[in-house]
Amino acid sequence: KTWLQKWVTDGGVWMAPLGVCSVFTISLSVLCLMSLAKGKFIPAALRSELTDLMHQCRVRSAIENSAQSPTFLGRMMTVSLPHFDVTNHDTLGRDRVDEAMADFAMAEIRPYQKWIGYLSVIAQIAPMLGLFGTVIGMVGAFETLSVTGGAEPAKLAGDISVALLTTFSGLFVAIPSLALFYVFKNRLNDLVAATVAAGGELVDICVEAAHGDVRAARIPEGLAVADDAVAVASE
């Protein structure tokens, strides 16, 4: 027997849906690998540009640059930065910007979760299909026994092949699908968390740049002189 006959065709018609599941697993894996690239979430060039602009408190320019980027960070900052409020002198509306970033992340993560979730569905369906084929094979084996009245290996081999090959194929598809589901799920969560954290750092840079002089002015001018006087007295 050829490899194809031994591992595929001998399993019967139930190998067809399992083959479809394996094709979907490969396609979804390629899609997730392409979609979950770090450059599509936190591109280094955009982050560097936004960092320079936020150091200068040029929020409008940062929004314009972000709007030109289709990445997760670009779209998130385009939606979130307009919530800056210069009338709020203490925080510049930082809380509203953080809420906008969190809402954006919650909404935009769903399409990614949908495609990754299909891997979990395949991981659950494939063993069921394999078990169905196993049951069909065992039913055929018992029918053969009832007809022949004895256990003749040559006549039982076909039904047993169906039972074992479908079970094997179901597990062969389900195990990688389940592993890939958790791998891509964790990668998505890490990328989204890192993007939100990067957005928070950019907002911190802008707030710090806007309030840096004010905070420095709050430090008493004679504090350093007083510390030097205490040091001299102690000597």
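Residues numbered from 1 in each chain as written. Predicted model: local features only at pLDDT ≥ 70, side-chain atom pairs only at ≥ 80, totals over all residues. Heavy atoms only, no water.

Caption draft 1: Geometry of the packing of helix α4 (residues 59-67) against helix α5 (residues 72-80). Between α4 and α5, the shortest axis-to-axis distance is 8 Å and the interhelical angle comes to 140°. Taken together, the axes of α4 and α5 lie oblique to each other. The two elements α4 and α5 meet at a crossing, and its hand is left-handed. Across the interface between the two elements, Ile63, Ser66 and Ala67 from α4 touch Gly74, Arg75, Met77 and Thr78 from α5. Tallied by class, the residues present in the contact of α4 with α5 amount to 3 nonpolar, 3 polar and 1 charged. (Axes fitted to C-alpha atoms, helices over the stretch in contact; angles between N-to-C directions. Helix = DSSP H or I, 4+ residues; strand = E, 2+ residues; numbered from the N terminus. Parallel < 35°, antiparallel > 145°, perpendicular 65-115°, else oblique. Left-handed = near helix turned anticlockwise from the far one by under 90°. Contact = heavy atoms within 4.5 Å. Nonpolar A, V, L, I, M, F, W, Y, C, P; charged D, E, K, R; others polar.)

Caption draft 2: Focus on the pattern of salt bridges. On inspection of all chains with the given rule, the structure shows 4 salt bridges. The partner of Arg94 in a salt bridge is Asp98, with the nearest N and O atoms 2.9 Å apart. Of the two residues, Arg94 and Asp98 both sit in helix α6 (residues 94-148), 4 residues apart, roughly one turn of that helix. Via salt bridges that share partners, Arg94, Asp98 and Asp204 belong to a single interconnected network. (Salt bridge = Lys/Arg side-chain N within 4 Å of Asp/Glu carboxyl O.)

Caption draft 3: Molecular detail of the packing of aromatic side chains. Tallying each qualifying case throughout the model produces 6 aromatic pairs. An angle of 45° between the planes, with centres 5.4 Å apart, marks the rings of Phe41 and Tyr112 as tilted. With a gap of 71 residues between them, Phe41 in the loop between α2 (15-35) and α3 (44-55) and Tyr112 in helix α6 connect regions that are remote in the sequence. Just as Phe41 is buried, Tyr112 falls in that class too. Aromatic ring contacts, followed pair by pair, group Phe41, Phe72, Phe104 and Tyr112 into a single cluster. (Phe/Tyr/Trp six-rings, centres within 6.5 Å; stacked < 30°, edge-to-face > 60°. Buried < 20%, exposed > 50% of the residue type's maximum accessible area, 1.4 Å probe, protein only.)

Caption draft 4: Seen up close, unusual backbone geometry. Even without glycine at this site, Cys57 takes up a positive phi of about 60°. Here Cys57 lies in the loop between α3 and α4. Classification of Cys57 as partly exposed rests on a relative accessible area of 32%.

Caption draft 5: Representation of the environment of Ser29. Position of Ser29 relative to the elements: it lies in helix α2. Taking C-alpha positions, Ser29 is 8.9 Å from Phe181, a pair spaced 152 residues apart along the chain. Once residues within four sequence positions are removed from consideration, Ser29 is found in contact with Leu119, Leu180 and Phe184.

Caption draft 6: View of the packing of α3 against α4. The geometry of α3 relative to α4 is characterised by a closest axis approach of 9 Å and an angle of 165° between their N-to-C directions. In terms of axis orientation, α3 runs roughly antiparallel to α4. The crossing of α3 and α4 is right-handed. Of α4, the residues touching α3 (which contributes Leu46, Glu49, Leu50, Leu53 and Met54) are Ser61, Ala62, Asn65 and Ser66. Its residues placed into classes, the contact of α3 with α4 shows 5 nonpolar, 3 polar and 1 charged.

Caption draft 7: The arrangement of α3 in detail. Taking 1.5 Å per residue, 12 residues should reach 16 Å; α3 reaches 17 Å between its end C-alpha atoms and fits that length. Residues Leu46, Leu50, Thr51, Leu53 and Met54 constitute the buried set of α3. Of the residues one or two after α3, Cys57 is the one with positive phi, at around 60°. (Expected span 1.5 Å × (residues − 1).)

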